[in-house]
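Here's the letter readout for the chains.
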Amino acid sequence: MTTALALKLAALGGLAGSAAFVHFRGRVRHSFLRQLTDHSTFFAPVNALVYLFSAVPARPFLDLADFPALAPLRAHWEEIRDEALRLRDAERIRASAAYDDAGFNSFFRRGWKRFYLKWYGTPPGSARAACPRTVALVEGIPGIRAAMFALLPAGGTLMEHRDPFAGSIRYHLGLVTPNSDACRIWVDGIPYAWRDGEAVVFDETYVHRAENATGEDRIILFCDVERPLRTRLARRVNRWFGDHVMRASRSRNDADEPVGAVNVAFSQVYRVRLVGKRLKAWSRPTYYAVKFALLGGLLWLVLA
């Protein structure tokens, strides 16, 4: 066996091992076929290292008291709510008008909407102009890497998924909610119902889903908070990954704002995806045969 082939096999083994670790982490899991092509599989080597150095417990929901820096958000939730309501009334909390939001593209089909306040960089000009108080509060907490207003409409659902990057922890603050157990999220099978002015912190890399089985819309403040890690080097690597990889997935609120390189590429790749969707609607066996043939071809190219 050549050295090059041995290195390639070792890399594939590392990917397979870390992907298996991610897959079996928690009680709720994707099917094997879905996990095989899920984005969390390709992020698995990075995430496995993040979990190794994580300074928070390996459980779906975390103790809000362990994140005292986030307290100003809850303390000023009514001011944040008022800015969110003005945006909602102006119909500015909305789905992407184009295929330029890869991270949340599948959510839009289910009625989910968003308005970005920050995404792994400086807040967009539209956010500073429309909701200066919320932006100031978010910017005053250095650990917040990303933030948005997220709306789940009456009757809306979000399918089971796990977020790709483990370098953050998810924070939700209820702003305008039905205040009902019928509007809730399940993280690794454990439910939580949003309430006005109440906050929750959870690990978004566990499989989670959401449902609003009420007649009222739900609006929350949604934040990615930098995951506490045990060593300075791990924290620096995590910050670098957010600044370069996650920032490349930046989307926009208004048409004149820039998008990241990931979304520029996604807008082109999605054209091919639309062809795949039509093929899947025509014949699911043919669709999966083509899909796994392409994956097999890619694997052969890597090993060749």
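Residues numbered from 1 in each chain as written. Predicted model: local features only at pLDDT ≥ 70, side-chain atom pairs only at ≥ 80, totals over all residues. Heavy atoms only, no water.

A few points about the overall build of the protein chain
The number of helices and strands found in the protein chain is 12 helices and 10 strands. The 304 residues of the protein chain split such that 43% are buried. Partitioning the contacts of the protein chain with sequence separation of at least 6, the portion at a separation of at least 24 is 74%. Put simply, the protein chain shows about 15,000 Å² of open surface, and 61% of that area lies on carbon and sulfur atoms. (Helix = DSSP H or I, 4+ residues; strand = E, 2+ residues; numbered from the N terminus. Buried < 20%, exposed > 50% of the residue type's maximum accessible area, 1.4 Å probe, protein only. Contact = heavy atoms within 4.5 Å. Areas by Shrake-Rupley, 256 points an atom, 1.4 Å probe, with all protein chains shown as cover.)

Looking at empty space enclosed by the protein
Under the counting rule described, the total for this entry stands at one cavity of 30 Å³ or more. Here the largest cavity is characterised by a volume of approximately 30 Å³. Y120, R145, F165, G167, S168, E226, N238 and G242 together form the lining of the largest cavity. Considered class by class, the residues forming the lining of the largest cavity number two nonpolar, four polar and two charged. (1 Å grid on protein atoms, 1.4 Å probe; cavity = no way out; pocket = protein on both sides within 12 Å on 5 of 7 lines; lining within 4 Å. Points joined across faces, edges and corners; volume = space filled by probe spheres on them. Nonpolar A, V, L, I, M, F, W, Y, C, P; charged D, E, K, R; others polar.)

A short note on the sheet that holds strand β3 (residues 144-152)
The six strands lie next to each other as β1-β8-β5-β10-β3-β2, forming an open sheet whose pairing is antiparallel. Unpaired on one side and paired on the other, β1 (61-62) and β2 (113-119) mark the two borders of the sheet. Two elements, strand β5 (residues 168-176) and strand β8 (residues 199-202), share four bridges in a ladder whose sense is antiparallel. Within the sheet, the bridge partner assigned to Y171 lies in β8 and is V201. Running at roughly 75° to β5, helix α6 (residues 77-89) makes contact with β2, β3, β5 and β10 (218-226) of the sheet. The strands touched by helix α10 (residues 232-246) are β2, β3 and β10; relative to β3, the strand with the most contacts, the crossing angle is about 55°. (Pairing = 2+ DSSP bridges. Axes fitted to C-alpha atoms, helices over the stretch in contact; angles between N-to-C directions.)

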